[in-house]
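A structural walkthrough
Spelled out from the first residue to the last, the chains are:
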Amino acid sequence: MVLMPKRVKYRKSQRGIRRGVATTGCDLAFGEFGLKALENGWLKNTQIEAVRVILARQLHRGGKLWIRAFPDKSVTKKPAEVRMGKGKGELDYWVAVIKRGRILFELGGVPEEFARRCFRLAVYKLPFKTKFITRTHR
């Protein structure tokens, strides 16, 4: 189950900017513990799914997981060894644009030490540095 939008207004989008600080989505909204991005970048739909699988396996029916990033930007790629020109490449994958300070995942209904252990496993699948945060310490 890889995340992607049901439908979009435009199939292909420009790359945009990856700098700046998140103004929304930077506070815990659902759970007691969260994973906050410390760098800017793109989070692929496959990376989000990999983290979801790891956290779901760790939780196995206990606690609750919230995914706060959704891949709504399309990224295109031209095939290997193709000459320049002839238009923009075909859609390759979807990404969520992540700015530093953004909460990526939240956990609730579990002890803090368990949440830390779960997020430590998840961090290996992410392409940028993150920080574990709690409700009391932001």
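Residues numbered from 1 in each chain as written. Predicted model: local features only at pLDDT ≥ 70, side-chain atom pairs only at ≥ 80, totals over all residues. Heavy atoms only, no water.

Let us now look at the packing of aromatic side chains. One pass over the structure, following the stated rule, counts three aromatic pairs. Taken together, the ring pairs in this structure connect Phe-33, Phe-119 and Phe-132 into an aromatic cluster. A cation over an aromatic ring shows up here: Arg-18 above the ring of Trp-42, its NZ or CZ 3.8 Å from the ring centre. Across from the ring centre of Tyr-93, 4.5 Å away, lies the NZ or CZ of Lys-44, which sits over that ring. (Phe/Tyr/Trp six-rings, centres within 6.5 Å; stacked < 30°, edge-to-face > 60°. Lys NZ or Arg CZ within 6 Å of the ring centre and 35° of its normal.)

Of all five residues making up strand β1 (residues 33–37), five are buried, and the element is well covered by its neighbours. Of the two faces of β1, the one holding Phe-33, Leu-35 and Ala-37 and the one holding Gly-34 and Lys-36 are both buried throughout. Sheet topology places β1 next to strand β6 (residues 103–108); four bridges connect them, and they run antiparallel. Across the sheet, Gly-34 pairs through a bridge with Glu-106, a residue of β6. Bridge count between β1 and strand β7 (residues 130–134): five bridges; the pairing is antiparallel. (Buried < 20%, exposed > 50% of the residue type's maximum accessible area, 1.4 Å probe, protein only. Helix = DSSP H or I, 4+ residues; strand = E, 2+ residues; numbered from the N terminus. Pairing = 2+ DSSP bridges.)

Before going further, it helps to spend a moment on unusual backbone geometry. Non-glycine residue Arg-61 carries a positive phi angle of around 75°. By the secondary structure assignment, Arg-61 is in the loop between α1 (45–59) and β3 (64–67). Residue class for Arg-61 comes out exposed when judged on its relative accessible area of 88%. Positive phi outside glycine occurs at Glu-81, with the angle close to 55°. Classification of Glu-81 as exposed rests on a relative accessible area of 85%.

By the secondary structure assignment, Gly-41 is in strand β2 (residues 41–44). You can call Gly-41 buried: its relative accessible area is 7%. Separated by 23 residues in the primary sequence, Gly-41 and Arg-18 place their C-alpha atoms 6.0 Å from one another. If we ignore the near neighbours within four places in the chain, the residues touching Gly-41 are Arg-18, Ala-96, Val-97, Ile-98 and Phe-128. (Contact = heavy atoms within 4.5 Å.)

Attention now goes to the packing of α1 against helix α2 (residues 112–123). Relative orientation of the contacting elements α1 and α2 amounts to 150°, with a least axis distance of 9 Å. When the axes of α1 and α2 are compared, the pair comes out roughly antiparallel. The chirality of how α1 crosses α2 is right-handed. Residues Val-51, Ile-54, Leu-55, Gln-58 and Leu-59 of α1 form the contact with α2, whose own contacting residues are Phe-114, Cys-118, Phe-119, Leu-121 and Ala-122. Its residues assigned to classes, the contact of α1 with α2 shows nine nonpolar, one polar and no charged. (Axes fitted to C-alpha atoms, helices over the stretch in contact; angles between N-to-C directions. Parallel < 35°, antiparallel > 145°, perpendicular 65-115°, else oblique. Left-handed = near helix turned anticlockwise from the far one by under 90°. Nonpolar A, V, L, I, M, F, W, Y, C, P; charged D, E, K, R; others polar.)

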